[in-house]
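Examining the three-dimensional arrangement
As a plain string of letters, each chain reads:
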Protein chains: 2
Amino acid sequence: MALPIPGKPVRGSKTGQPIMALLDLLGRSWAMGIIWHLYTGPSTFRRLQEYCESISPTTLNKRLKELKDCHLIERTLEGYALTKSGEELFELIEPLGSWAKIWAKNFK
Amino acid sequence: MALPIPGKPVRGSKTGQPIMALLDLLGRSWAMGIIWHLYTGPSTFRRLQEYCESISPTTLNKRLKELKDCHLIERTLEGYALTKSGEELFELIEPLGSWAKIWAKNFK
DNA sequence: AGTATTGCTACAAAATATGTAGTGGTATGG
DNA sequence: CCATACCACTACATATTTTGTAGCAATACT
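Every value quoted in this text rests on a predicted model; they were computed, and no experiment measured them.

**Quick look at the packing of helix α6 (residues 96-104) of chain A against helix α1 (residues 18-26) of chain B**
Axes are the key here: two packed helices are described by the angle between their axes and the distance separating the axes. Two elements in contact, α6 of chain A and α1 of chain B, have axes separated by 8 Å at closest approach and are oriented at 95 degrees. Taken together, α6 of chain A and α1 of chain B sit at an angle that is classed as roughly perpendicular. In this structure, α6 of chain A contributes Leu 96, Gly 97, Trp 99, Ala 100, Lys 101, Trp 103 and Ala 104 of chain A to the contact, and α1 of chain B contributes Pro 18, Ile 19, Leu 22, Leu 23, Leu 25 and Leu 26 of chain B. Within the contact of α6 of chain A with α1 of chain B, the residues separate by chemical class into 11 nonpolar, one polar and one charged.

The structure is reproduced here in structure tokens:
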């Protein structure tokens, strides 16, 4: 399980379980936030930065590279966009949106 | 959206969107791995540590506190266990497991 | 009483993220 | 053509998070 993450292998990948590699990738700061936003359509670097509450350009750049290397996003003429694979992944995590609302009520 | 995360407010919570708070929580190191493991049944601190590839006790302890504060896990006589809420959440992320296998083939 | 295991805490070092400034590239206007 | 203005990044110092190792108090087992 050698995912093409720049630098060292993915955290959690030693077990060889793909799910662990995926959870590691998604468990990095803003990774899921980026995917969530891109489902609304392609976006520019700047707009992603704003959407992710002013994530630093350094981190955004790194995250985008990783997601690109894992074929979840790609650059298009309109900016960054989800790949077919990325869309599939989004559709799997989409249900979290409505669940989160119910969950959040426990803290009001 | 003031989730009871020890210390500062959840990253991503400023928008007031519960999904962002949830993605932040789940986007911390090993958070989803812990949930994934606990679905197989209650577990002790030590076994969780082994399962999470020797996550440092400091981080494991912090993460367990956060997940407890957000009512996703709880301490039982048998150790740490998912709450009703935590189980619901797991069932939402469970499909990632089979998807990850297909996705991983792109890197072989 | 002695040894083992467990659930943690302490703390220094390493890795990661942030915040701000700046660079080079392309578009727009005068 | 030159200035101004964005945009997509890179550089780099600082802050925060995670790791790794050691150790301690509590319970269990011999």
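**Digging into the pairing of strand β1 (residues 73-76) of chain B**
Residue and element names in this part refer to chain B. In this sheet, strand β2 (residues 79-82) lies alongside β1 in antiparallel orientation, the contact comprising four bridges. Directly across from Ile 73, in β2, lies its bridge partner Leu 82. Between the end of β1 and the start of β2, which pair antiparallel, lie two residues.

**Here we look at helix α2 (residues 31-38) of chain B**
Judged by how many residues are buried, α2 of chain B sits mostly within the fold: eight of eight residues are covered. Along α2 of chain B, the residues classified as buried are Ala 31, Met 32, Gly 33, Ile 34, Ile 35, Trp 36, His 37 and Leu 38 of chain B.

**Description of the protein's contact with DNA strand C**
Taken together, the neighbourhood of DNA strand C is formed by 20 residues, with Thr 58 and Thr 59 of chain A together with Arg 46, Asn 61 and Tyr 80 of chain B sitting nearest. Taken together, the sugar and phosphate atoms account for 55% of what DNA strand C places within 4 Å of the protein. With respect to DNA strand C, the side chain of Thr 58 of chain B contributes an N or O atom lying 3.2 Å from a base nitrogen. At 3.1 Å from a phosphate oxygen of DNA strand C is found a side-chain nitrogen or oxygen belonging to Arg 75 of chain B.

**Section: the protein's contact with DNA strand D**
Inspection of the region around DNA strand D gives 19 residues, with Asn 61 and Tyr 80 of chain A together with Ser 56, Thr 58 and Thr 59 of chain B positioned closest. A distance of 3.2 Å separates a base nitrogen of DNA strand D from a polar side-chain atom of Thr 58 of chain A. Side-chain polar atom of Thr 58 of chain B to a base oxygen of DNA strand D: 2.7 Å apart, as the coordinates give it. Broken down by element, the residue count for the surface near DNA strand D peaks at five residues, all from helix α4 (residues 57-69) of chain B.

The rules behind the values
- Residues numbered from 1 in each chain as written.
- Chains lettered and ligands numbered in written order.
- Predicted model: local features only at pLDDT ≥ 70, side-chain atom pairs only at ≥ 80, totals over all residues.
- Heavy atoms only, no water.
- Axes fitted to C-alpha atoms, helices over the stretch in contact; angles between N-to-C directions.
- Helix = DSSP H or I, 4+ residues; strand = E, 2+ residues; numbered from the N terminus.
- Parallel < 35°, antiparallel > 145°, perpendicular 65-115°, else oblique.
- Contact = heavy atoms within 4.5 Å.
- Nonpolar A, V, L, I, M, F, W, Y, C, P; charged D, E, K, R; others polar.
- Pairing = 2+ DSSP bridges.
- Buried < 20%, exposed > 50% of the residue type's maximum accessible area, 1.4 Å probe, protein only.
- Near = heavy atom within 4 Å.
- Polar contact = N/O pair within 3.5 Å; in protein donor to acceptor, adjacent residues only side chain to side chain.

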